[in-house]
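Residue strings, one per chain:
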Amino acid sequence: MKPNILFILSDDQGAWAMHCAGNDDIITPNLDRLASEGVRFENFYCASPVCSPARASIITGEMPSCHGVHDWLCRGNVTASRYPADHPYYRPEGGDIGIDYLAGHPSYIAELAKNGYRCALSGKWHLGDQEHAKAGFRKWFALSGGGCAYYSPDFYENGAFAVHHEYVTDIITDRALGFLDELENEGAPWCLEVHYTAPHSPWTPENHPKEYLDLYKDCEFKATPELPIHRNQQTSAPLGDTPERRRENLTGYYAAITAMDANIGRLLDKLEQDGLADNTVVIFTADNGMNMGHHGVWGKGNGTYPPNMYDTSVKVPFLIRAPFLAKTGVVAEKSASHCDLFPTILDIASADYTLNSRQPGVSLLPYLKDGCPDTEENRVIEIHDEYGFVRMIRNDRYKLVIRYRKNDNELYDMTADPDETTNLIDDPAYADVIAELTAELEEWFSRYSHPANDGRKSLTLTGSGQQDFCWKEDAFVHWNRNYYSGKDLLEE
């Protein structure tokens, strides 16, 4: 019997933001439950440290320089005329047009559907054209945009728009539980995607239930550093630049995670109650990491300009509970990334599929079935990440960050300096290391990029949003921010 798949995705949750990952400040009993009954990966990475590109890589198994989504999508989510007339985004004609940014690209959901799975989405999509269910989905309850206040979300379901006033985390779970009942009755294996907006900002008290905020009223927040604001900080997230604002932000962020954790518990309890737990694979991860004062940054990759590639931005939680696991309660040391999810999920489903030449992922199923052995081979780290014109390569010891504008690169010795405090890029003693890593990075991306969507061309990307296909003129938004202009770069 093919297993069911429950895929849970959080929004802006660092790998550090779980109790089972060693954070004693945060309350996450259900994530801890998944870790104890399954496997937690210590070294799991997103493909890009910002929402839409990371989500596109999860779905397609391709890097942003292949699928072409390089920044969070600020336009193309819903056609403006599709909103109700009293909605602030409504335009009777003209205005925003829904764009399916991933049209023509692979999707593990579409592959699952071809292999007999019934697929449903409840929550955030943020990959364009949210009003229409994407290939493979039989049930579709999607947030109309990319973010929202926690008590005023709007959703599309079957092409119909509705505004809700309950807590958005509860709404997403309620609809997911309804989908579970419907999927069970269809008598076929299913994949349920539950994509939360938590713990993305806003973190102000009016956005979260008092019962969860009160859990942290006496918290000292020792698990997050209290540092001066980073010199390159941008306004992509609320700043904790005073003790009062730091406490408010961390309280709201932690409360959002604990509220989500409680809702994950509802999903897990439903599986138990309906006798589905023994034949359901549960996967939990986040779209990208998050800095809540780490390195003095508030935000993810676009928390700074130019974008950063700190581990706190690119490392994400990854938990899996499955009937085929040889060992449980294991902390896996093997490094892996979101691109590995495409083949892993399809192998779990025993699907008939073929990876294309630009999908770099490797299935984790054999490793999981083998008990996640802690061998020298499995401890090897080789990770690649990108955000527009910024690319990263990390191996067992070093991390190199290349920015294809100006001379603003970084090299860190991750063994001697795991907090990435000392940039070695100008140290002549590391010239050979830099040359070798640069060559490896260039060769790897040449294999897994599409020329039209190559992120090195995204010279005008600022982290302020993408509003059209990346190869179009003015694809990226230029807000009045402190950034180098593409014109300046091209003149040099």
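Residues numbered from 1 in each chain as written. Predicted model: local features only at pLDDT ≥ 70, side-chain atom pairs only at ≥ 80, totals over all residues. Heavy atoms only, no water.

**Student:** Honestly, the overall build of the chain in this entry has me stumped. Any pointers?
**Tutor:** Across its full length, the chain carries 12 helices and 16 strands. Against the 2.2 N^0.38 benchmark of 23 Å for 492 residues, the chain shows a C-alpha radius of gyration of 21 Å, consistent with a compact globule. For the C-alpha atoms alone, the extent of the chain along its principal axes is close to 65 × 60 × 50 Å. Residue burial in the chain is summarised as follows: out of 492 residues, 62% are buried. (Helix = DSSP H or I, 4+ residues; strand = E, 2+ residues; numbered from the N terminus. Rg over C-alpha atoms; globule rule 2.2 N^0.38 Å. Buried < 20%, exposed > 50% of the residue type's maximum accessible area, 1.4 Å probe, protein only.)

**Student:** Would you explain a negative patch on the surface in this entry?
**Tutor:** On the surface, a cluster of negative charge is made up of Glu382, Asp432, Glu436 and Glu440. Along the chain, Glu440 turns up in helix H11 (residues 431-448). (Patch = residues over 30% accessible without salt bridge, like charges linked within 9 Å, V, L, I, M, F, W, Y side chains within 5 Å. Areas by Shrake-Rupley, 256 points an atom, 1.4 Å probe, with all protein chains shown as cover. Salt bridge = Lys/Arg side-chain N within 4 Å of Asp/Glu carboxyl O. Lys, Arg positive; Asp, Glu negative; His and termini not counted. Charge placed at Lys NZ, Arg CZ, Asp CG, Glu CD.)

**Student:** Help me out: how do you make sense of the packing of aromatic side chains in this one?
**Tutor:** The geometry of an aromatic ring pair is captured by the separation of the ring centres together with the interplanar angle, meaning the angle of the planes. As enumerated under the stated definition, the model contains 27 aromatic pairs in all. Geometrically, the ring pair formed by Trp16 and Tyr253 is stacked, given 5.8 Å between the ring centres and 25° between the ring planes. Of this pair, Trp16 sits in the loop between strand E1 (4-10) and helix H1 (29-37) while Tyr253 sits in helix H7 (residues 243-273); the two residues are 237 residues apart in sequence, bridging distant segments of the chain. With 5.7 Å between their ring centres and 90° between their planes, Trp203 and Tyr253 make a pair best called edge-to-face. (Phe/Tyr/Trp six-rings, centres within 6.5 Å; stacked < 30°, edge-to-face > 60°.)

**Student:** Would you explain the nonpolar core in this entry?
**Tutor:** In a soluble, globular protein the nonpolar side chains are often hidden away together inside. One finds Val39, Phe41, Tyr108, Leu112, Ile320 and Leu411 to be the most contacted residues of the largest nonpolar core, which totals 87 residues. If you tally residues by element for this core, the top one is H11, at seven residues. Met18, Leu34, Leu177 and Leu271 belong to the second-largest nonpolar core, a separate cluster that totals 41 residues. (Core = buried A, V, L, I, M, F, W, Y, C linked by side-chain atoms within 4.5 Å.)

**Student:** How do you make sense of the confidence of the model for the chain when you look at a structure like this?
**Tutor:** Close reading of the predicted structure is inappropriate where its pLDDT is low. For the chain, the average pLDDT comes to 94, and 97% of its residues sit at 70 or higher. Long-range and interchain partners of residues 480-492, a stretch whose pLDDT sits below 50, account for 23 contacts in this model, where long-range means more than four residues apart. (pLDDT = per-residue confidence, 0-100. Contact = heavy atoms within 4.5 Å.)

**Student:** Before we go on, may I ask you to explain the sheet that holds strand E11 (residues 318-321) in this structure?
**Tutor:** Picture the strands of a sheet paired through backbone hydrogen bonds; they go either parallel or antiparallel. The 10 strands are arranged E6-E5-E4-E3-E7-E1-E8-E11-E2-E12 in an open sheet whose pairing can be described as mixed. Edge strands, defined here as strands with exactly one partner in the open sheet, are strand E6 (160-163) and strand E12 (330-337). Going across the sheet, the axis of each strand differs from the next one's by a mean of 15°, ignoring polarity. Note: E1 against strand E7 (residues 190-195), five bridges, orientation parallel. Considered in E7, the bridge of Ile8 is made with Val194. (Pairing = 2+ DSSP bridges. Axes fitted to C-alpha atoms, helices over the stretch in contact; angles between N-to-C directions.)

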